[in-house]
Amino acid sequence: MDMEKIVALCKRRGFIYPSSEIYGGLNGFWDYGPLGVELKRNIKEAWWRDMVLDPPPGPDGEELQMVGLDCAIIMNPKVWEASGHVAGFVDWMTECHTCKRRYRADKVYLVALVPEREAASYQSAPPGAMPKPTVVLAYQSDDPQEARKLFDEEYARLVKKQKLSRGLTVLTIVTVQQAPPHWSRPCPEPGCTGELTEPRKFNLMFRTFVGAAEDDSAVAYLRPETAQGIFVNFVNVLGTTRVKLPFGIAQIGKAFRNEINPRHFTFRSREFEQMEIEFFCHPHESAKWYRYWRDVRIRWYMQLGIRSERLRPREQGPEELAHYSCGTTDIEYLFPFADEPQELEGVAHRGDYDLRQHQLYSGKDLTYFDEDAWERDKHQLGFTSFRDWLKTNPPPEQVAQYQFLPHVIEPSAGVDRFALAAICEAYAEDTVSGEPRTVLRFHPRLAPIKAAVFPLVNRDGMPEKAYALYRELKREFVVFYDDKGAIGRRYRRQDEAGTPFCITIDSQTMQDDTVTLRTRDDCQQIRLPIRAVADELRRRLTPER
RNA sequence: GCGGGUGUAGCUCAGCUGGUAGAGCACCACGUUGCCAACGUGGUUGUCGCGGGUUCGAAUCCCGUCACCCGCUCCA
């Protein structure tokens, strides 16, 4: 199966169009058509129902407390300074002129070598005017110690082969980003003799201006993730909803990243929609909740029909963890466009990083006071007021039993990525009565259209009867009425849209008020009373637990 | 960001070394038929991705540009 077929089907059937297509489109942006918008709505509604309104019981069988939130896309820019995005979203990149490989400019170290006896004169030169070193060697590395190690090994080899003089000494080790622009910047790829470009800056946050003045004081950003809106409202939610730890705050909303290179249909878009939970818990219980959410989220995808081997949870290794995270599981799906599974969702153990950062930058107290624990222990401690007890200067670890920054587990899912995975997973070509067909085998909960209603032929009162059934059903379900063309063609059209059920009114209906219910996946029909249709659909569309 | 490919009707595509754009499917109407992409007859559909150039004349040749697909690269 190739991606082009899926892209073509998505456009032909009205799932996904290129954004602003009549003007030539815009790289990294996509529009959802009539079927696509229903698919996305079903994904979001399933998530909200299954995670917020009625989440599975906790690790010890307890009810979960979950509340919702809907934050502004544009927030005070200090939010992004605190979160690290203003700094973190500014990546300096450099590229090899020869082999065209690209590197983060802070991840390539240059080792500058000069003759030993000249080292002193180099070092006394004014900064910025330091002459070009005699030799520069480059290493791709996360830190200077590792780069030094790599250099030492290679230097020994080069000296042995008499490629370099033994009389050279290391003047300095700097990243490509820090190096003076006139220095040589060799490509770190072994065997490549090319030179790297001067580092260029790629800011992944979209900038805009708030108000009339377009100056630096008015700069704001379109949020690159919905999560920070939850953290900055943590105290508001605590103060207005009577939730107690552990509890979760959920949000669905758009986020924006000015990706260097959008690719793979909607997979890496510059505008996308996220479904995120920040689940706040006691630090001692965070590991338990991390495992809980990881398992709940994997099960959720499987319950919605992503059952194949293409779904894969992957625990991130310590070297790829983001700076704030002490554990992350990527839930990945093997899309047809890639050799390796790609991330649908990340379940991250973020510790107290975010609340700590916002507490630091805002100067506001974001700690949680555990009233239950205090009520339990206060008599034993001989106090009624926590404040009075604090005045006795108890040890910090004891205070932290009652007042602390909660830890956070963050299941963060991409709506558009799941929609794309659902389409790829559902796409199938098979044969019915010797004729090939294209069918989308969506889980019924995700299917944009739940059922189609057809009169077998357009006479003898069948259209009237069919239309009346359609009108009744559409009060409760997304249903589609079609009386055009041969019945087989109408079935196939619905197969391509992923409609799980088709109901046909035929001449027998006119006699005994029974209809046929045809299922998409096996093309089998059953007969049932017309009055029982709504109940039957409801039964077949109810989520399994 | 680099390299390769593609861009012509709603869809799939044909259109040679330049000569005023076609097929199948779809769609609409009428008739026939009646449970898995039916048949007959008739009909609608195009700034040939966009912009420029060469030419008497460009879908076709040249330059530029945009978008998508594939491979690298990248993905805090």
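This text follows the structure it describes.
Before going into details, it helps to say that this report is about the structure given with it.

Quick look at the overall build of chain A
Logical step 1: Summing up its helical and strand segments, chain A has 18 helices and 26 strands in all.
Logical step 2: Taken against the 2.2 N^0.38 rule, which gives 24 Å for 545 residues, the C-alpha radius of gyration of chain A at 30 Å runs more than 25% over that of a compact globule.
Logical step 3: C-alpha atoms of chain A, sized along the principal axes, occupy 105 × 75 × 50 Å.
Logical step 4: Each of the 545 residues in chain A was classed as buried or not, and the buried ones make up 50%.
Logical step 5: Sequence-distant contacts in chain A: of pairs separated by 6 or more residues, those separated by 24 or more amount to 67%.
Logical step 6: When the accessible surface of chain A is summed, it comes to about 27600 Å², and 49% of that surface belongs to carbon and sulfur atoms.
Logical step 7: On chain A, the mean spot of the 74 positive side-chain charges and the mean spot of the 80 negative ones are 3 Å from each other.

Comments concerning the protein's contact with RNA strand B
Logical step 1: In the vicinity of RNA strand B, 46 residues are found, and the nearest of them are Asn-261, Arg-268, Arg-489, Asp-506 and Gln-525.
Logical step 2: When the atoms of RNA strand B within 4 Å of the protein are grouped by moiety, sugar and phosphate amount to 48% of the total.
Logical step 3: Asn-27 has a polar side-chain atom sitting 3.3 Å from a phosphate oxygen of RNA strand B.
Logical step 4: Taking Gln-525, its side chain carries an N or O atom lying 2.5 Å from a base oxygen of RNA strand B.
Logical step 5: At the level of secondary structure, the elements contributing two or more residues to the surface near RNA strand B comprise α1 (3–12), α4 (85–88), β4 (90–95), β5 (102–104), β21 (435–440), α16 (487–497) and β25 (514–519).
Logical step 6: At seven residues, the largest contribution of residues to the surface near RNA strand B is made by α16.
Logical step 7: The residue makeup of the surface near RNA strand B, split by class, is 16 nonpolar, twelve polar and 18 charged.

Quick look at the nonpolar core
Logical step 1: Formed by 59 residues in total, the largest nonpolar core has its most connected members in Trp-293 and Trp-300.
Logical step 2: Discounting residues that sit within four places of it in the chain, Trp-300 has contacts with Ile-43, Ala-46, Trp-47, Asp-50, Met-51, Met-275 and Phe-418.
Logical step 3: Formed by 21 residues, the second largest nonpolar core is a distinct cluster that contains Ala-451, Val-453, Ile-505 and Leu-537.

Structural notes on unusual backbone geometry
Logical step 1: Residues Leu-245 and Pro-246 are joined by a peptide bond in cis, for which omega reads -10°.
Logical step 2: With respect to the element layout, Pro-246 can be found in the loop between α8 (234–241) and β12 (247–256).
Logical step 3: With phi around 60°, His-264 is a residue other than glycine that occupies positive phi space.
Logical step 4: With respect to the helices and strands, His-264 occurs in the loop between β12 and β13 (271–281).
Logical step 5: Given a relative accessible area of 31%, His-264 falls into the partly exposed group.
Logical step 6: With phi around 60°, Cys-523 is a residue other than glycine that occupies positive phi space.
Logical step 7: Secondary-structure assignment places Cys-523 in the loop between β25 and β26 (525–529).
Logical step 8: Judged by its relative accessible area of 24%, Cys-523 falls in the partly exposed class.

Description of the packing of aromatic side chains
Logical step 1: Tallied over the full model, the rule gives 31 aromatic pairs.
Logical step 2: Taking 5.5 Å as the distance between ring centres and 85° as the angle between the ring planes, the aromatic pair formed by Trp-374 and Tyr-402 counts as edge-to-face. Highlighted residues: Trp-374 in helix α11 (residues 371–381) and Tyr-402 in the loop between α13 (396–399) and β18 (403–404), separated in sequence by 28 residues. Side by side, Trp-374 and Tyr-402 carry an identical accessibility label, which is buried.
Logical step 3: Cation over ring: Lys-40 sits above Tyr-32, and NZ or CZ is 4.3 Å from the ring centre.
Logical step 4: Over the ring of Tyr-290 we find Arg-294; its NZ or CZ atom is 5.9 Å from the centre of that ring.

Some details on the state of the cysteines
Logical step 1: The tally for this structure, following the rule as stated, stands at zero disulfides.
Logical step 2: Of the cysteine sulfurs around Cys-502, a residue in no disulfide, the closest is that of Cys-523, at 9.3 Å.

Details of the packing of helix α2 (residues 34–53) against helix α9 (residues 286–303)
Logical step 1: At a minimum axis distance of 12 Å, the contact between α2 and α9 shows a crossing angle of 140°. Our classification of the angle between α2 and α9 gives oblique. Considering how the two elements wind past one another, α2 and α9 form a crossing that is right-handed. For the pair formed by α2 and α9, the contact residues are Ile-43, Ala-46, Trp-47, Asp-50 and Met-51 on the first element and Trp-293, Val-296, Arg-297 and Trp-300 on the second.

A look at the pattern of salt bridges
Logical step 1: Applying the stated criterion across every chain yields a total of 42 salt bridges.
Logical step 2: Between Arg-12 and Glu-496 there is a salt bridge; the shortest N-O distance is 2.8 Å. Of this pair, Arg-12 sits in helix α1 while Glu-496 is found in helix α16, placing the two residues 484 residues apart along the sequence.
Logical step 3: Asp-495 serves as the salt-bridge partner of Arg-437, at 2.8 Å between the closest nitrogen and oxygen. Placement of the pair is Arg-437 in strand β21 and Asp-495 in helix α16, with a sequence separation of 58 residues. Note on accessibility: Arg-437 and Asp-495 belong to one class, buried.

A look at the packing of α2 against helix α14 (residues 415–426)
Logical step 1: Between α2 and α14, whose axes approach to 10 Å, the crossing angle comes to 115°. Judged by the angle between their axes, α2 and α14 are roughly perpendicular. In the packing of α2 onto α14, the handedness of the crossing is right-handed. Contact residues: α2 offers Leu-39, Lys-40, Ile-43 and Lys-44, while α14 offers Val-415, Asp-416, Phe-418, Ala-419 and Ile-423.
Logical step 2: For the contact of α2 with α14, the per-class residue count stands at six nonpolar, no polar and three charged.

A look at the sheet that holds strand β8 (residues 168–175)
Logical step 1: Reading across from one edge, β7-β6-β8 is the order of the three strands in this open sheet, with antiparallel pairing throughout. Looking at the sheet topology across the chains shown, the edges are occupied by β7 (135–140) and β8. This sheet shows a mean twist of 25° between the axes of neighbouring strands, independent of strand direction.
Logical step 2: Along the sheet, helix α6 (residues 144–160) makes contact with β6 (108–115), β7 and β8, crossing β7 at roughly 125°.

Conventions we followed
Residues numbered from 1 in each chain as written. Chains lettered and ligands numbered in written order. Predicted model: local features only at pLDDT ≥ 70, side-chain atom pairs only at ≥ 80, totals over all residues. Heavy atoms only, no water. Helix = DSSP H or I, 4+ residues; strand = E, 2+ residues; numbered from the N terminus. Rg over C-alpha atoms; globule rule 2.2 N^0.38 Å. Buried < 20%, exposed > 50% of the residue type's maximum accessible area, 1.4 Å probe, protein only. Contact = heavy atoms within 4.5 Å. Areas by Shrake-Rupley, 256 points an atom, 1.4 Å probe, with all protein chains shown as cover. Lys, Arg positive; Asp, Glu negative; His and termini not counted. Charge placed at Lys NZ, Arg CZ, Asp CG, Glu CD. Near = heavy atom within 4 Å. Polar contact = N/O pair within 3.5 Å; in protein donor to acceptor, adjacent residues only side chain to side chain. Nonpolar A, V, L, I, M, F, W, Y, C, P; charged D, E, K, R; others polar. Core = buried A, V, L, I, M, F, W, Y, C linked by side-chain atoms within 4.5 Å. Phe/Tyr/Trp six-rings, centres within 6.5 Å; stacked < 30°, edge-to-face > 60°. Lys NZ or Arg CZ within 6 Å of the ring centre and 35° of its normal. Disulfide = S-S within 2.5 Å. Axes fitted to C-alpha atoms, helices over the stretch in contact; angles between N-to-C directions. Parallel < 35°, antiparallel > 145°, perpendicular 65-115°, else oblique. Left-handed = near helix turned anticlockwise from the far one by under 90°. Salt bridge = Lys/Arg side-chain N within 4 Å of Asp/Glu carboxyl O. Pairing = 2+ DSSP bridges.

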